[in-house]
Amino acid sequence: MSVQRTLAIIKPDAVAKGVAGQIITKIEQAGLTILAARMIHMSGEDAGGFYAVHRARPFYQSLCEFMTQGPCLPMVLEGDDAIRRWRDLMGATDPAKAAAGTIRKAFASSIESNAVHGSDAPETAAFEIAYFFSALDIHAR
Ligand code: ADP
Ligand code: MG
């Protein structure tokens, strides 16, 4: 597998719970490199654009409201096979189905308030990284 970049977000529920540091530690311990990070508080428009792919889903409105509840921490992660590795570390969308040792098992409280986001493919990673970060914000090494 080649080196990939993926977009991670520590969602507002996890920031509010004060577990952002524990999540960052898991990212670093997994050997993924943080190339960029910033704290933002999304507007409804910001969240709606980010999740536009889900606009026909019944949970879209509620998801956008949840993502605007408070600040979140988008990050760019890099590593070999990073998209799959970050999603494996996140765990299943529904924490009731998430495996032991995953971030969602440890920190998510519901299928909606599930602590973290991760891109699901190279094309979505490219869109999502560019949604939050310019080239000058990303520190390759
Ligand atoms: P993932 O984040 O695991 O890639 P999806 O892309 O399917 O999951 O959904 C995006 C986000 O929408 C989820 O992380 C979660 O916050 C929310 N979500 C997904 N399914 C539901 C649902 N059935 N009810 C409420 N919120 C949901
Ligand atoms: Mg998804």
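Keep in mind that what you see is a predicted model, and the values were worked out from it rather than measured. (Residues numbered from 1 in each chain as written. Chains lettered and ligands numbered in written order. Predicted model: local features only at pLDDT ≥ 70, side-chain atom pairs only at ≥ 80, totals over all residues. Heavy atoms only, no water.)

A. Just the site of ligand 1, in detail. Taken together, Lys-11, His-54, Phe-59, Leu-63, Arg-87, Thr-93, Arg-104, Ile-111, Glu-112 and Asn-114 make up all the residues around ligand 1. Lys-11 has a polar side-chain atom sitting 2.9 Å from an oxygen atom of ligand 1. Within the backbone of Glu-112, a nitrogen or oxygen atom sits 2.9 Å from an oxygen atom of ligand 1. In isolation ligand 1 offers 530 Å² of accessible surface; the protein chains occlude 80% of this area. (Near = heavy atom within 4 Å. Polar contact = N/O pair within 3.5 Å; in protein donor to acceptor, adjacent residues only side chain to side chain. Areas by Shrake-Rupley, 256 points an atom, 1.4 Å probe, with all protein chains shown as cover.)

B. Up close: the environment of Asp-88. Mapped onto the secondary structure, Asp-88 falls in helix α5 (residues 82-90). For Asp-88, a relative accessible area of 45% puts it in the partly exposed group. C-alpha of Asp-88 to C-alpha of Ala-99: the two residues are 11 residues apart in sequence and 9.2 Å apart in space. (Helix = DSSP H or I, 4+ residues; strand = E, 2+ residues; numbered from the N terminus. Buried < 20%, exposed > 50% of the residue type's maximum accessible area, 1.4 Å probe, protein only.)

C. Focus on the packing of aromatic side chains. This model, assessed by the stated rule, comprises five aromatic pairs. On the basis of an interplanar angle of 40° and a centroid distance of 5.7 Å, the ring pair of Phe-127 and Tyr-131 is categorised as tilted. Taken together, the residues span about one helical turn, with Phe-127 and Tyr-131 both in helix α7 (residues 122-132) at a distance of four residues. Tyr-131 gets classed as partly exposed once you look at its relative accessible area, which sits at 30%. Here a set of aromatic residues connected by ring pairs shows up, and it is made of Phe-50, Tyr-51, Phe-127, Tyr-131 and Phe-132. (Phe/Tyr/Trp six-rings, centres within 6.5 Å; stacked < 30°, edge-to-face > 60°.)

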